[in-house]
Amino acid sequence: MFVTIDLKRLIKIVIVVVLLIAAIIFVKLFISSGGLKSVISQDNRSTLVIDAGHGGIDGGAISDSGLKESDINLAIALKTEALAHFLGVDTVMTRETDTDNSENKAYSEHDNLVERAKLANSTENAVLISIHQNKFPSAVVSGAEVMYSDNDDSKALGLLTQGNLVALLDSANRRVARPAPKELLLTSTAECPTILVECGFMSNPQEVQKLASNEYQLKIAVILSGSYIQYLNNTALA
């Protein structure tokens, strides 16, 4: 009796295996670089709240090719969640699909952000990472940038994450972490350590091509989850 398998399904399985191997290799690189010295100890546990920005009818920034920011945000968020679990991290997602209450005709971006902040605030020992993409009138602008809430813990996480994004993802990136503008509702109302990560520019065709790739998304996910663990370990040693 022969066992048959659909070619497309086989290709998907191979891709998943390759991505998993790539994730393990990249995590090892992260550790060997000194960026991630150890996993979280049982007495230093926290919950990583992962926010995939936008969603549903709120697509966020749109590239010239029609790619939605919300889709890239979710893809990176799901990879970050998977890697976090791989590293023994507790997580909470603000959304796990692209269909949520934003499909409702009465959708309010303000109310949606309030609900996301409430979720983070109701999570014990939470640390919030909100994943977004940037956009600019000029197509030449590129590079990841981290913004942090107005408190020392958020600043520490923001500086650490920005440093890792530059060192491990794009050494040519000259952007620096900075305080989030007060008008950003999520970073101003979340009570836990909070950063908002602009992973790249939807207005830059070369960067969009990278952001749309599984490999690049995986690298960002490793950096986000690794930076979170490094932040916790640094906090425990302080």
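Here, the structure is the one placed above.
First things first, this report covers the structure right here in the doc. These numbers were taken from a predicted model, which means no experiment stands behind them. Sequence positions are assigned chain by chain, starting from 1 and proceeding in written order. In keeping with the model being predicted, local features are shown solely for residues with a pLDDT of at least 70 and side-chain atom pairs are shown and tallied solely at 80 or more, while totals for entire chains, interfaces and linings include all residues. Hydrogens and waters are ignored; side-chain quantities use all the structure's heavy atoms.

### Regarding the nonpolar core
We call a set of buried residues a nonpolar core when its members are Ala, Val, Leu, Ile, Met, Phe, Trp, Tyr or Cys and they connect through side-chain atoms within 4.5 Å of each other. Only protein chains enter the calculation, and the probe is 1.4 Å; a residue is then buried if its accessible area is under 20% of its type maximum, exposed if over 50%, and partly exposed in between. The biggest cluster of nonpolar side chains holds 37 residues, and the ones touching the most others in it are I129, I131, V197, I220 and Y228. Within the residue set of this core, elements represented by two or more residues are β1 (47–52), α2 (69–86), β3 (126–134), β4 (145–148), α4 (152–168), β6 (194–201), α6 (205–211) and α7 (214–237). A run of H or I in DSSP counts as a helix once it spans at least four residues, and a run of E counts as a strand once it spans at least two, with each numbered from the N terminus. The leading source of residues in this core is α7, at eight residues. Counting residues in each nonpolar core, the second largest holds eight residues, with V49, A117, L186 and A190 among its members.

### Re the pairing of β1
Most of β1 sits out of view: six of its six residues are buried. Along β1, one buried face is formed by T47, V49 and D51 and the opposite face, lined by L48, I50 and A52, is buried too. By the bridge criterion, four bridges tie β1 to strand β2 (residues 90–93) in an arrangement that is parallel. Among the inter-strand pairings, I50 is bridged to a residue of β2, identified as M93. The handedness of a crossover follows from its direction of travel: if, with the strands pointing away from the viewer, the path from the first strand over the helix to the second runs clockwise, the crossover is right-handed. At this point the chain moves from β1, through α2, to the parallel β2, and the crossover so formed is right-handed. Judged from the six bridges that link them, β1 and β3 form a sheet pairing that is parallel. Only strands that DSSP links by at least two bridges are regarded as paired with each other.

### A word on the side chain of S203
Locating S203 in the fold gives a position in the loop between β6 and α6. Using a relative accessible area of 10% as the deciding quantity, one classes S203 as buried. A polar atom in the side chain of S203 sits 2.9 Å from the backbone nitrogen of F136. Distance and chemistry together define a polar contact, namely a pair of N or O atoms within 3.5 Å, with one atom able to donate a hydrogen and the other to accept it when in protein, and with adjacent residues in sequence counting only for side-chain atoms on both sides.

### Some words on the pattern of salt bridges
We define a salt bridge as a side-chain nitrogen of Lys or Arg found within 4 Å of a carboxyl oxygen belonging to Asp or Glu. Under the criterion given, the structure shown has six salt bridges. In this structure, D98 engages R95 in a salt bridge whose closest nitrogen and oxygen atoms are separated by 3.4 Å. Across the pair E115 and K118 runs a salt bridge whose closest N-O atoms are separated by 3.8 Å. Taken together, the residues E115 and K118, both in helix α3 (residues 109–121) and three residues apart, mark about one turn of the helix.

### Describing the sheet that holds β6
The strand order across the open sheet formed by six strands is β2-β1-β3-β6-β4-β5, and the pairing between neighbours is mixed. Here the strands that pair on one side only, and so sit at the sheet edges, are β2 and β5 (178–179). Across six bridges, β3 lies against β6 in parallel orientation. Across the sheet, the residue bridging to S130 is L196, located in β6. Note on contacts: a residue pair qualifies if any of its non-hydrogen atoms lie within 4.5 Å across the two residues. Each axis is a line fitted through C-alpha atoms, taken for helices only over the stretch in contact, and angles between the N-to-C directions span 0 to 180 degrees. Relative to the sheet, α3 contacts β1, β2 and β3, its axis offset from that of β1 by approximately 170°. Those strands touched by α4 are β3, β4 and β6, and its axis lies near 175° from that of β4.

### As for empty space enclosed by the protein
Cavities and pockets are found on a 1 Å grid laid over the protein atoms alone: a cavity is a set of points where a 1.4 Å probe fits but cannot escape, a pocket is an open set with protein on both sides within 12 Å along at least five of seven lines, and a lining residue has an atom within 4 Å of such a point. Grid points are joined across faces, edges and corners, and a volume is the space filled by probe spheres set on the points. Scanning the entire structure with this criterion turns up one cavity of 30 Å³ or more. By volume, the largest cavity amounts to about 30 Å³. For the largest cavity, the full set of lining residues is G143, A144, L165, L169, D170, N173, E207 and Y216.

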